[in-house]
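# What the coordinates show
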Amino acid sequence: MQILREHAKPYHKDIFFSLLAVVIMAGASLWQPRLLQHVMTAIIKNDQQNVLFYGTELIILAIIGLIAGVINTVFAAKISQGIAADLRANQYQKIQSFSFGNIEKFSAGNLVVRMTNDVNQVQQLIMMILQSLTRIPILFIGAFILALITLPRLWWIVVLMVILIALSSQIVFKQMSKYFSQIQKLIDKTNTIAKESLQGVRVIKSFNQEGNEIKHFTDNSNDLTRVTTMIGYLFSTMIPMFMLISYVAIGTAIYFVGQSVVAHPTDLAAITSFISYLMQIFFAIMIGGLMSTFASRGFISLRRIGAVLATVPDLTYRADAPEQPLSGEVSFKNVSFTYPNDDRPSLKNISFDIHAGEMIGIVGATGSGKTTLAQLIPRLYDPTQGDVLVGGVNLKSVNEKSLRSAVSYVLQRAILFSGRIADNLRQGSKDADELALKKAADIAQAAEFINRYDDGFDHYVEERSANLSGGQKQRLSIARGVIGNPKILILDDSTSALDARSEKLVQEALNQELSNTTTIVIAEKISSVIHADRIFVLDQGELVGIGSHQELLTTSPIYSEIYQTQKAKGAS
Ligand SMILES: Nc1ncnc2c1ncn2[C@@H]1O[C@H](COP(=O)(O)OP(=O)(O)OP(=O)(O)O)[C@@H](O)[C@H]1O
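Conventions adopted
Residues numbered from 1 in each chain as written. Predicted model: local features only at pLDDT ≥ 70, side-chain atom pairs only at ≥ 80, totals over all residues. UniProt positions renumbered as here; feature names shortened; annotations may be inferred. Near = placed C-beta within 6 Å. Helix = DSSP H or I, 4+ residues; strand = E, 2+ residues; numbered from the N terminus. Nonpolar A, V, L, I, M, F, W, Y, C, P; charged D, E, K, R; others polar. Pairing = 2+ DSSP bridges. Axes fitted to C-alpha atoms, helices over the stretch in contact; angles between N-to-C directions. Parallel < 35°, antiparallel > 145°, perpendicular 65-115°, else oblique. Left-handed = near helix turned anticlockwise from the far one by under 90°. Domains from an automatic or database assignment. Contact = placed C-beta atoms within 7 Å. Buried ≥ 20, exposed ≤ 12 C-beta atoms within 10 Å, placed from the backbone.

If you check an unreviewed UniProt entry, the chain appears there as ABC transporter, ATP-binding/permease protein from Leuconostoc citreum. Per its UniProt entry, the chain bears the Subcellular location (unreviewed entry) comment "Cell membrane".

On to the site of the ligand. Inspection of the region around the ligand gives 13 residues, with Tyr339, Ser346, Thr366, Thr371 and Thr372 positioned closest. For the shell around the ligand, the element with the most residues is helix H12 (residues 370-376), which contributes three residues. Grouping the amino acids of the shell around the ligand by side-chain chemistry returns one nonpolar, nine polar and three charged.

Strand order across the open sheet formed by four strands is E2-E1-E4-E5, with antiparallel pairing between neighbours. Only two strands of the sheet have a single neighbouring strand rather than two, namely strand E2 (347-354) and strand E5 (393-394). The pairing of strand E1 (residues 330-337) with E2 spans five bridges and is classified as antiparallel. Paired with Ser331 across the strands is Asp353, a residue of E2.

This paragraph deals with the packing of helix H8 (residues 155-199) against helix H10 (residues 210-260). With their axes 9 Å apart at the nearest point, H8 and H10 run at an angle of 165° to one another. Judged on the interaxial angle alone, H10 and H8 are roughly antiparallel. Crossing geometry of H8 relative to H10 is assigned as left-handed. Broken down by class, the residue content of the contact of H8 with H10 amounts to 23 nonpolar, eleven polar and three charged.

For interface size, the figure often reported is the accessible area lost on association. With domains assigned, the chain is organised as domain 1 (2-310) and domain 2 (330-571). On a C-alpha basis, the centroid separation for the pair domain 1 and domain 2 is 56 Å. Facing the five residues of domain 1 at the interface are four residues of domain 2. Along the lines of polarity and charge, the residues of the side of domain 1 that touches domain 2 split into one nonpolar, two polar and two charged.

The next subject is unusual backbone geometry. Note: most residues except glycine have negative phi, and most peptide bonds are trans. With phi around 45°, Asn334 is a residue other than glycine that occupies positive phi space. Among the structural elements, Asn334 can be located in strand E1. What makes Asn334 exposed here is the crowd of 12 C-beta atoms within 10 Å. The backbone phi angle of Ser465 is positive, close to 45°, even though this residue is not glycine.

Taken from the UniProt record, the annotation "domain: ABC transmembrane type-1" (unreviewed entry) applies to residues 16-286. Helix makes up 92% of residues 16-286 and strand 0%, whereas the separation of the span's terminal C-alpha atoms amounts to 27 Å.

Within the secondary structure, Ala147 sits in helix H7 (residues 132-150). When the C-alpha positions of Ala147 and Tyr255 are compared, they lie 16 Å apart, and in sequence the two are 108 residues distant. If we skip the residues at most four places from it in the chain, Ala147 touches Val158, Phe274, Tyr277, Leu278 and Ile281.

Let us look at the sheet that holds strand E10 (residues 518-522). Spatially, the six strands line up as an open sheet ordered E6-E9-E10-E3-E11-E12, and their pairing is mixed. Strands with a single pairing partner mark the edges of an open sheet, and in this sheet they are strand E6 (407-410) and strand E12 (542-547). Direction aside, neighbouring strands of the sheet carry axes that sit 15° apart on average. Two elements, strand E11 (residues 534-539) and E12, share five bridges in a ladder whose sense is antiparallel. Of the residues in E12, the one forming a bridge with Val537 is Gly545.

The following block contains the structure:
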């Protein structure tokens, strides 16, 4: 609720008008039966003047109610849409400040749901609060009091009806909200299954898994249908049950009034008004219960959004850190690292110094910690213990802009964004001119295929880069990495989809064009880093060897073993 209060501040005036309109609407609804009673009394007494007077009042009241309804809807829509847009934007802004660790804790898919579906739920909740949830209590209390005033001797019918409907609705709505929370979980699951299977459609088809996927999806969808049907059943029993209670109440009232109508003929007019109030009480309880059940979904979403907004980024930059050019030196001092969702360390007590302009290869078995080590250099995570220094500056006190312009990290999985090739490359340096684009594309051996497009750098990269091959994606990703002329370039297995010739050409171009850049190359194949100045060997998170290729062959049994195995594979 705190978030809602905070986000509602800019809309105080609109909220006032919206609530004022609700009060007028509820007042008009409550006063209508009263006027009708006056019209009926005038008819019974054959008082034409009053028939006309109250009849006109009745029409005016209906018009006022209608206008108030429109005003309320207009303001409620403006407020709910405005707050929803603010919540979406604030979450997006907050997520941009998240570290990798923060994002992993939520999961990327889950954050998307919080920014879309949960915001929609909250938007509906605000609409409900500004319309039904404020109108219903006024209607209930008003109708209750007016029913008692209209026929005071039948007070016990009103009280009995309220107790019976309230008790039975409690049972039904409790059951219903249980099913509603199940629905939310099942919708989340259905979305995840559909998203995963659509994104992995190539894997599914190539492994002939369509049948299993369809079954998985259908099972979940059937569960969703079952729960939705249960809610339907509850609805279909609830409404007749409530109607029965109300009609018994109305029938009883008519019976008692009928007995005294000869003595009091105007009771005939009162009974119509009394019945209207009974019906208003009945609808207030029913709609109110239903709305509260729906609203509970909105409150769950509000809590989920609140969790995102309240998250403190676990990696922040000091605002007072001076912006300065950083050199290409990298130092690790007794660095250990454990992922936030893991309990085993992925890096153990690692120390080394890399000089500016050096080319470093990092090798090791799969899962040995190569990527983890690389991710600490652009400060995607902070070490759990020890210090990482870039250009002699400890990353805990580095200026963010300085670090970003010094370090360029080409990820293991080439991720491009839908848009022009030029836009993707300019993510590495937003002011890069045509010449810089061409140079980066040349280094990454991407020029050759870009030139084949009629529109060259303006060629459109589709969503998930569906119109590019794995090798093309990697080349563009390397081009984006080198375009800003970084002091430190990290290539995390970024040439794995390139053929041997292209990989060699990329390396030669890097040596030539970025000779002053510290290049850190993570590679599965030793052949990719054989010419590096030094190679680091990782084994189960430990740095077990440092040296040139020749040195390591004699000093590091693990390196030697990997090399021999790869050589044998290559020969065969
Ligand atoms: N986001 C993560 N959360 C938890 N554990 C992780 C995460 N990423 C990696 N790990 C674990 O950390 C260890 C090192 O992983 P890392 O990706 O650094 O290895 P790698 O040497 O780069 O492997 P590969 O050559 O297969 O890319 C592994 O045990 C892995 O399971």
